[in-house]
Each structure stands twice: as structure tokens, then as C-alpha cells.
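Spelled out from the first residue to the last, the chains are:
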Amino acid sequence: MTIKEVELEIGVPRATIRYYEKEKLIAPQRGGNGYREYSETDVETLKQIIIMRKLGMSVSDIANVFEGTQSLAGAAGRNVIQLQQEIEELRGAIRLCKRIQEHQEELAAFDTEFYWAQIHQEETKGNRFLNITGDVVQVEKKLVWKYFDLADEEGNLLYNLREAVLRVLGLCVFLGIVEMVLNREAGIRPFLTGFSFPLVTVLIYSAWELPLYFLAKRHAGLAGKLRKVGRWICILLFVAIVVFAVVYQLI
């Protein structure tokens, strides 16, 4: 079967199937045309993986089951414990949400201190609520993208990162070819010399900018000035390297 046929049969996108292949949960053979060919056994395995994933089992536990280092029953037992923990995290939230619903609470008259105390009391008893540490990670990630001018004020990416990386690599390849032309030599050394110009500049710029992100949390004004200085240094450095390379070859 082709991957398209497998997609239609099991109802998951090919990206998911490729991911399971990357994790070495399945290993379809390649036909004479070089394309993957999925056997009935591969499809059966994929269905087993999807069942276990939908039950909440981790990819690592599934891999252990297939490798025989853990029984299916053992993996299911571990998963039961994890699911029970998640249920406990939600139980207190459900109870308080029901209270808000039953009392027809409105924000204008919302008793913040009461609910704050209720959550604290439940947590003291050992009951848990949703872990909000992930919110901090998401906020920090958006701030980093925004700081590097990769996102707007809302944290939405302004660029396709894959395309941006490909453009940088394209520039590296172009300068590698230019260096070979200037050297009048088709070899790996002149190509790598030209290829490294923009790459080194990007790495230097990143090494300069990243510490400034943390400095900006305490001294925003100073970080802003140093950031502008860093940009000009990198631009001048890149131009100087290119000019030097061209002049050196002409001499």
C-alpha cells in the first residue's frame, strides 16, 4: 500500500505516520521505485500505535512494548496512574466551576478572595488544579520571538522560519559559488570559505543578541543601545569580510 492509501484507511495524516517511522515504531520496506510500501502488518502496527496513543500512552512506552522491554499490561498500568493524576488535577476545577455556574456568578460581583481561599484549601488537602507553568513558557517564547523581530505585538510569527532558514542557506551557497568564481577554482575549500561568511555573521549576531534579551529585563535602555551597536558591528563585519575577500582575490 502507498502512504496515501494508508492515510485513507486509518484516517491519520501522513505527517503522523512519518513521525512514527522516525521514532522507529514502524519500518516499511521500499519498493523498486524507491517509495515506501506498507504491508498489512505495517497497517496493523499503525492501528495498534494509534489505539495506544489515543489511550494516552507515551511514544516511549509504546516503543518499549514493541521492543519487549515492557509488557502491554505494564504500559497500560503506568498510563492508568498518569490518567488518574490528570483526573485529580481536574476534579477540584470541575467542582468550583460547577459552583460558579450554580450561583450564576458575574465578574462584577465575583468573590475573588473566597475562590482563592477555596483553591488554596483544596491544594492543602492534596488536591491539584491545572499546572499553569506552561503559560510562562509560552509567554517567554513569544517575548523571545518579538525581541528578535520575528513576531508582532501579539506574539504571532511574522516569518515562516523554514523559509527564512532556507534563504540564509541559499545566500551561503550563493557566496560559496561566488568565492569559487573569484578563486577560479572549483573546490570545497573556496566554497566553504564563501559559504561561511553569512553563517558566521548570523552566529556572531545571535551570540551578541541573546544575552541582551536577559539584560533588557532589568536595563531596557542599555540593552536597546547595545543591540543597535551589535547590529551595526555585524553589518560592517560582513561587508568588511566580503570586500576583503574580493580585493584579496583581485590582487
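Heads up: the structure comes first, above all this text.
Conventions we followed
- Residues numbered from 1 in each chain as written.
- Predicted model: local features only at pLDDT ≥ 70, side-chain atom pairs only at ≥ 80, totals over all residues.
- Heavy atoms only, no water.
- Helix = DSSP H or I, 4+ residues; strand = E, 2+ residues; numbered from the N terminus.
- Contact = heavy atoms within 4.5 Å.
- Areas by Shrake-Rupley, 256 points an atom, 1.4 Å probe, with all protein chains shown as cover.
- Buried < 20%, exposed > 50% of the residue type's maximum accessible area, 1.4 Å probe, protein only.
- Salt bridge = Lys/Arg side-chain N within 4 Å of Asp/Glu carboxyl O.
- Phe/Tyr/Trp six-rings, centres within 6.5 Å; stacked < 30°, edge-to-face > 60°.
- Expected span 1.5 Å × (residues − 1).
- Bend = angle between axes of the 7 residues up to and from the residue.
- Lys, Arg positive; Asp, Glu negative; His and termini not counted.

Engineer: Is there a simple way to explain the overall build of the protein in this structure?
Structural biologist: Counting secondary structure elements, the protein contains 10 helices and 2 strands. In the protein, the succession of helices and strands from N to C terminus is α-α-β-β-α-α-α-α-α-α-α-α. Within the protein, contacts between residues separated by at least 24 positions form 41% of all contacts whose residues are at least 6 apart in sequence. Of the accessible surface of the protein, which amounts to about 18100 Å², a share of 62% is contributed by carbon and sulfur atoms.

Engineer: Just to check I follow, could you spell out unusual backbone geometry for this structure?
Structural biologist: In terms of backbone geometry, most residues other than glycine have negative phi values and most peptide bonds are trans. With a phi close to 65°, Lys-24 is a non-glycine residue in the positive phi region. Within the secondary structure, Lys-24 sits in the loop between helix 2 (14-22) and strand 1 (29-30). For Lys-24, a relative accessible area of 75% puts it in the exposed group. In the Ramachandran plot, Gln-104 falls in the positive-phi region, its phi being about 50° despite a non-glycine side chain. For Gln-104, the position within the fold is in the loop between helix 5 (72-102) and helix 6 (112-124). By relative accessible area, Gln-104 is classed as exposed at 58%.

Engineer: Which parts of the structure should I look at to understand the environment of Thr-2?
Structural biologist: By the element assignment, Thr-2 lies in the segment before helix 1 (3-10). Taking the C-alpha atoms as reference points, Thr-2 and Tyr-35, 33 residues apart in sequence, are found 8.0 Å from one another. If we ignore the near neighbours within four places in the chain, the residues touching Thr-2 are Arg-36 and Tyr-38.

Engineer: I keep staring at the pattern of salt bridges and nothing clicks. Help me out?
Structural biologist: One pass over the full model with this rule turns up 7 salt bridges. Taking the shortest distance from any N to any O, the salt bridge between Lys-47 and Glu-9 comes out at 3.5 Å. One end of the pair, Lys-47, is in helix 3 (residues 40-54); the other, Glu-9, is in helix 1, with 38 residues separating them in the sequence. By relative accessible area, Glu-9 is classed as partly exposed at 40%. We note a salt bridge from Glu-122 to Arg-95, for which the minimum N-O separation is 3.0 Å.

Engineer: Would you mind showing me how to read the packing of aromatic side chains here?
Structural biologist: Taken as a whole and assessed by the stated rule, the structure comprises 3 aromatic pairs. Ring geometry for Tyr-19 versus Tyr-20: centroids 5.7 Å apart, planes at 50°, classification tilted. Each ring, one from Phe-110 and one from Tyr-115, has its centre 4.9 Å from the other, and the planes form 5°; the classification is stacked. Overall, Tyr-115 belongs to the buried group, its relative accessible area being 5%. Feature note: the residues Phe-110, Phe-114 and Tyr-115 constitute an aromatic cluster, connected by ring pairs.

Engineer: Explain helix 3 to me, please; I cannot follow it from the model alone.
Structural biologist: The periodicity of an α-helix, 3.6 residues per turn, causes residues three or four places apart in sequence to face the same way. The end-to-end C-alpha separation of helix 3 is 21 Å, in line with the 21 Å expected for 15 residues at 1.5 Å each. Turning to helix 3, its buried residues are Asp-42, Val-43, Thr-45, Leu-46, Ile-49, Ile-50 and Met-52. Contacts made by the buried residues of helix 3 are with helix 1, helix 2, strand 2 (36-37), helix 4 (59-67) and helix 5. Gly-56 occupies a position one or two residues after helix 3 and carries a positive phi of about 105°.

Engineer: What should I look at first to understand helix 5 in this one?
Structural biologist: With 31 residues, helix 5 extends 43 Å between its outermost C-alpha atoms, agreeing within 8% with the 45 Å of an ideal straight helix rising 1.5 Å per residue. Along its length, helix 5 shows its largest kink, about 25°, at Leu-90. Within the span of helix 5, buried status applies to Ala-75, Asn-79, Glu-89, Gly-92 and Leu-96. Close packing links the buried residues of helix 5 with helix 4 and helix 6. One or two positions beyond helix 5, positive phi appears at Gln-104, with a value near 50°.

Engineer: Quick question: what am I supposed to make of the side chain of Asp-42 here?
Structural biologist: Mapped onto the elements of the fold, Asp-42 is located in helix 3. Look at Asp-42: it is buried, it has no salt bridge, and the nearest opposite charge is Arg-36 at 9.4 Å. For Asp-42, the residues in contact, after removing those within four places along its chain, are Ile-26, Pro-28 and Glu-37.

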